[in-house]
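# Summary of the model geometry
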Amino acid sequence: MTLMPWRDIDTVLLDMDGTLLDLHYDNHFWLEHLPRRYAELHGVSRAMAELELQPLFERNAGQLQWYCLDFWSTELRLPVRELKLETAHLIALRPDADTFLAALKQAGKRVILITNAHRDSLSLKLERIELAPYFERLISSHDYGFPKENLQFWDALQADIHFDPKRSLFIDDTLPILRSARDFGVGQLLAVSQPDSRKGPKDTAEFAAVGDYRELIKGLLD
């Protein structure tokens, strides 16, 4: 990965899940824990649970309700918040993410968290990982009513925090979201090469990717 043009970057916008936090927690919850508990609580087989859940997941992916715990609690007739607590021990920082955040703060960059996570998910994670002190703002897309995949999210973000897209860096592990940010005019974009520590590197298509936050810090504090 080439050195970031840090002198041309005032604002750093960071995703949470898969970018700062290991995506293993979320993948394990939605792909393993939730189907198992759905089967137990509704008295069906695990295979039947998968058959019932898969079309629901596919139909709602990328939309705001996909990230909403209230939506899934109603849709699945399950206490999703409580179920998420059952696997909360898996919530973990990605390697050196805190080192990167501390360096950004030391360098005087404006650092803002922008996540599609529901406020309840955000609170759950902040209770276990001390992220809040590094950020000027912690913004959930639910605050605006649009997911990050939607250009209207970026319009709302601009109206809220008044940032210069051309002098901003945005890091996210989801390609449709990075493309939305690019369409809005965000100048520097980075994908994440391995958002889930238990899975191999992912194809980040046309985007450069960060794999090691220590590499990204180079040139930041010069």
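For the structure itself, consult the block above.
Because the structure is a prediction, the values reported are computed rather than measured.

### Remarks on the pattern of salt bridges
Taken as a whole and assessed by the stated rule, the structure comprises 20 salt bridges. Across the pair Lys148 and Asp15 runs a salt bridge, and its minimum N-O distance is 2.9 Å. Taken as a pair, Lys148 in the loop between strand E3 (137-140) and helix H7 (151-161) and Asp15 in the loop between strand E1 (11-14) and helix H1 (24-42) lie far apart in primary sequence, 133 residues in all. Note that Asp143 is salt-bridged to Arg119, the shortest N-O span being 2.7 Å. Placement of the pair is Asp143 in the loop between E3 and H7 and Arg119 in helix H6 (residues 119-128), with a sequence separation of 24 residues. Among the residues examined, Asp143 registers a relative accessible area of 40% and is labelled partly exposed.

### Considerations on the nonpolar core
For soluble globular proteins, nonpolar side chains are generally found buried alongside one another. Trp6, Leu14, Phe100, Phe135, Ile171 and Leu216 are the most contacted members of the largest nonpolar core, which totals 35 residues. Listing elements by their share of this core, those giving two or more residues are E1, helix H5 (97-106), strand E2 (110-115), H6, strand E4 (168-171), strand E5 (188-192) and helix H9 (213-217). The element that contributes the greatest number of residues to this core is H5, accounting for five residues. If we skip the residues at most four places from it in the chain, Phe135 touches Leu14, Leu20, Leu101, Val111, Ile112 and Leu113. Counting residues in hydrophobic clusters, the runner-up holds 20 residues, among them Ile114, Tyr144, Phe153 and Phe207.

### Remarks on the sheet that holds strand E6 (residues 209-210)
The strand order E3-E2-E1-E4-E5-E6 describes an open sheet built from six strands, whose pairing is parallel. Edge positions in the sheet fall to E3 and E6, since each of these pairs with one other strand and no more. Relative to E5, E4 runs parallel, the two being bridged by three bridges. Bridge pairing in E5 places Leu169 opposite Gln188. Each of E1, E2 and E4 is contacted by H5, which is oriented at about 155 degrees to E1, the strand it contacts most. Of the strands in this sheet, E4 and E5 touch helix H8 (residues 175-184), which is tilted by about 180 degrees from E5.

### Digging into the packing of aromatic side chains
Scanning the entire structure with this criterion turns up 15 aromatic pairs. Seen from their ring centres, Phe153 and Trp154 are 5.2 Å apart, and the 85 degrees between their planes marks the pair as edge-to-face. As far as the burial class goes, Phe153 and Trp154 line up, both buried.

Scoring rules and cut-offs
Residues numbered from 1 in each chain as written. Predicted model: local features only at pLDDT ≥ 70, side-chain atom pairs only at ≥ 80, totals over all residues. Heavy atoms only, no water. Salt bridge = Lys/Arg side-chain N within 4 Å of Asp/Glu carboxyl O. Helix = DSSP H or I, 4+ residues; strand = E, 2+ residues; numbered from the N terminus. Buried < 20%, exposed > 50% of the residue type's maximum accessible area, 1.4 Å probe, protein only. Core = buried A, V, L, I, M, F, W, Y, C linked by side-chain atoms within 4.5 Å. Contact = heavy atoms within 4.5 Å. Pairing = 2+ DSSP bridges. Axes fitted to C-alpha atoms, helices over the stretch in contact; angles between N-to-C directions. Phe/Tyr/Trp six-rings, centres within 6.5 Å; stacked < 30°, edge-to-face > 60°.

So, to be careful, I would describe these as geometric facts and stop short of saying anything about function.
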